[in-house]
Amino acid sequence: MNRPPAPTRERAVHSLTERTLSARANLFLNWGLNRGTDMALRFTLRQLEYLVAVGEFGSVTEAAERVNVSAPSVSAAISQLEKEFGINLFVRRHAHGLSLTQAGHGFVAQARQILSEAAKLNALSNELTGQVRGPLHVACLVTFAQAVIPPLRRAFSDTYPDVDFFQYERDQARILEGLRMARFDIALSYDLDIPADMTFHELAVLPPYAVLDEDHPLAGRREVTVEDLAPHPMILLDLPHSSAYFLSLFRDAGLTPHVAERTRDMSVMRAMVANRFGYSIANIRPVSTYAPDGSRLAFVPLTGNLRPMRMGILSMADANPALTVRRFIDFCGETIRGMGMDLPVSADTPPAKKGSS
């Protein structure tokens, strides 16, 4: 009888081992849930929460920050799960974080399902009692998170103190991924290429404006056009979907902007503009007229046949939101419309620089 070459046999055995470990992962977790009530479970929901967090971030430190516990607590929970089930869930690589084993992937998938079912119990309880409480996972587009999430969260948490509010600042691509993976209950974003499996509820219309340093030749105008801006260097806020929108303002006018620099950070963009590296375009104007380094900025409305950004709530189309999520949606509708996203600039004082009295 001919035997396959050694490398082939090793791959076959390795593949079989991975499939076996993955099957054992699902078997053990289901067994743990379905045993008689007189026997204690070999894991807790908290341990599964930590497992999912580490599986998502690939780092105990980042996972600990997200679930708001110490890193040793997360490490201990993972070690306990591995010890109880006799399975390695992660491969530890020095300086490269943790990677899920094949069995680990099965465990994380099953753990997400268990946590989802547990969340349904909380949601059912809230529906029956009319109480707004429990976890709420809200993602926000990083472009405007700094202006929207802190005041919105403060007001919502004051109104509903029994809600555990978790916030996530992400770009559009990661928001869509997180909603599909059920990592987020809801998201605040723009109407940028909304896929068919999601719904968008508009909250505010945000026309574009130019961000200029105070000595820019266009800074003193009441309004500018893309034709006015095109000859000047541009600092592009280079985030997925957002950058395509900014560039489309020029493309629709038959123009190509002179992109001198790109950044994914709103604060860096404002500082680059303030230091005369170029202008930029944004849709949310802050109250302060100063960049992070204390330099003065000018904000001038863009005119012409330009498509505005529309801020709103993004969710899965087939979602049946729980009471807490529905209350948050209603709260956003009332609060964000009253916040005035195109805020007037103020005559505030720049922060004192080091060495000043």
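Residues numbered from 1 in each chain as written. Predicted model: local features only at pLDDT ≥ 70, side-chain atom pairs only at ≥ 80, totals over all residues. Heavy atoms only, no water.

A few points about the overall build of the protein
Helix and strand counts for the protein come out as 11 helices and 12 strands. Per-residue burial for the protein yields a buried fraction of 42% across its 357 residues. Sequence separation of 24 or more characterises 72% of the internal contacts of the protein that already satisfy a separation of 6 or more. With the model as given, the accessible surface of the protein reaches about 18,800 Å², and the carbon-plus-sulfur share is 51%. (Helix = DSSP H or I, 4+ residues; strand = E, 2+ residues; numbered from the N terminus. Buried < 20%, exposed > 50% of the residue type's maximum accessible area, 1.4 Å probe, protein only. Contact = heavy atoms within 4.5 Å. Areas by Shrake-Rupley, 256 points an atom, 1.4 Å probe, with all protein chains shown as cover.)

So, the nonpolar core
Formed by 74 residues in total, the largest nonpolar core has its most connected members in Leu188 and Leu229. Examining the composition of this core, we find that 6 residues originate from one element, helix H11 (residues 323-339), more than from any other. Ignoring anything within four residues of it in the chain, the contact list for Leu229 reads Ala210, Leu212, Leu218, Val224, Phe250, Tyr279, Ile281 and Leu302. (Core = buried A, V, L, I, M, F, W, Y, C linked by side-chain atoms within 4.5 Å.)

Quick notes on the packing of helix H2 (residues 45-57) against helix H4 (residues 71-85)
Between H2 and H4, the least distance of the axes is 9 Å, while the angle of their chain directions is 105°. Classified by the angle between their axes, H2 and H4 sit roughly perpendicular to one another. Contacts from Gln47, Tyr50, Leu51 and Val54 in H2 reach Ser73, Val74, Ala77, Ile78, Gln80 and Leu81 in H4. Grouping the constituent residues of the contact of H2 with H4 by class yields 7 nonpolar, 3 polar and no charged. (Axes fitted to C-alpha atoms, helices over the stretch in contact; angles between N-to-C directions. Parallel < 35°, antiparallel > 145°, perpendicular 65-115°, else oblique. Nonpolar A, V, L, I, M, F, W, Y, C, P; charged D, E, K, R; others polar.)

Some remarks on the sheet that holds strand S4 (residues 163-170)
Reading across from one edge, S4-S3-S5-S12-S6 is the order of the 5 strands in this open sheet, with mixed pairing throughout. What marks the edges here is a single partner per strand, and that holds for S4 and strand S6 (198-206). Here the average twist between neighbouring strands, direction ignored, is 20°. Here strand S3 (residues 134-141) pairs with S4 via 8 bridges, running parallel. Note on S4: the bridge partner recorded for Ala139 is Tyr168. Contacts between helix H6 (residues 145-159) and the sheet are confined to S3, S4, strand S5 (186-190) and strand S12 (309-316), with S4 contributing the most and set at about 175° to the helix. (Pairing = 2+ DSSP bridges.)

Regarding unusual backbone geometry
Positive phi, normally seen in glycine, also occurs at Ala182, with a value near 65°. Looking at where Ala182 falls in the secondary structure, it is placed in the loop between helix H7 (172-180) and S5. Even without being a glycine, Asp193 presents a positive backbone phi close to 50°. Position of Asp193 among the secondary structure elements: in the loop between S5 and S6. Residue classification places Asp193 among the exposed positions, given a relative accessible area of 57%.

Quick word on the pattern of salt bridges
Overall, the coordinates contain 10 salt bridges when judged by the stated rule. Two residues, Glu49 and Arg46, come together in a salt bridge whose shortest N-O distance is 2.8 Å. On the criterion of helical spacing, the pair formed by Glu49 and Arg46 is a turn pair, its members being 3 residues apart in helix H2. Given a relative accessible area of 25%, Glu49 falls into the partly exposed group. A salt bridge links Asp228 to Arg221; the nearest nitrogen and oxygen atoms lie 3.1 Å apart. One salt-bridge network, held together by shared partners, links Glu56, Glu177 and Arg183. (Salt bridge = Lys/Arg side-chain N within 4 Å of Asp/Glu carboxyl O.)

Overview of the sheet that holds strand S10 (residues 280-282)
Taken in spatial order, the 3 strands of this open sheet run S10-S7-S11, and their pairing is antiparallel. Either end of the sheet is taken by a strand with one partner, and the two such strands are S10 and strand S11 (297-301). For this sheet, the mean angle separating the axes of adjacent strands, direction not counted, is 35°. Pairing of strand S7 (residues 209-213) with S10 involves 3 bridges; the strand directions are antiparallel. Counterpart to Val211 in the pairing with S10 is Ser280. Contacts from helix H10 (residues 266-274) reach S7, S10 and S11 within the one sheet, and its direction differs from that of S7 by about 55°.

Quick word on the pairing of strand S8 (residues 233-237)
Burial analysis of S8 places 4 of its 5 residues in the buried class, the great majority of the element. Sheet topology note: the S8/strand S9 (residues 258-263) ladder contains 5 bridges and is parallel. Across the sheet, Leu236 pairs through a bridge with Arg262, a residue of S9. In this view, the connection linking S8 to its parallel neighbour S9 by way of helix H9 (residues 242-251) has right-handed handedness. (Right-handed = clockwise from strand over helix to strand, strands pointing away.)

A closer look at the confidence of the model for the protein
With 79% of its residues at a pLDDT of 70 or more, the protein has an overall mean of 80. Least confident of the elements in the protein is helix H1 (residues 6-34), whose mean pLDDT is 47; most confident is helix H8 (residues 226-229), at 97. This stretch, residues 35-40, has a pLDDT under 50; its non-local contacts, to residues over four places away or in other chains, come to 3 contacts. (pLDDT = per-residue confidence, 0-100.)

Regarding the side chain of Asn283
Considering the arrangement of structural elements, one finds Asn283 in the loop between S10 and S11. Polar contacts involving the side chain of Asn283 include one to the main-chain carbonyl oxygen of Leu206, which spans 2.8 Å. Polar contacts involving the side chain of Asn283 include one to the side chain of Tyr245, which spans 3.4 Å. In this structure, Asn283 is in contact with Tyr190, Leu206, Pro207, Pro208, Tyr209, Tyr245, Phe246 and Met309, ignoring residues within four places of it in sequence. (Polar contact = N/O pair within 3.5 Å; in protein donor to acceptor, adjacent residues only side chain to side chain.)

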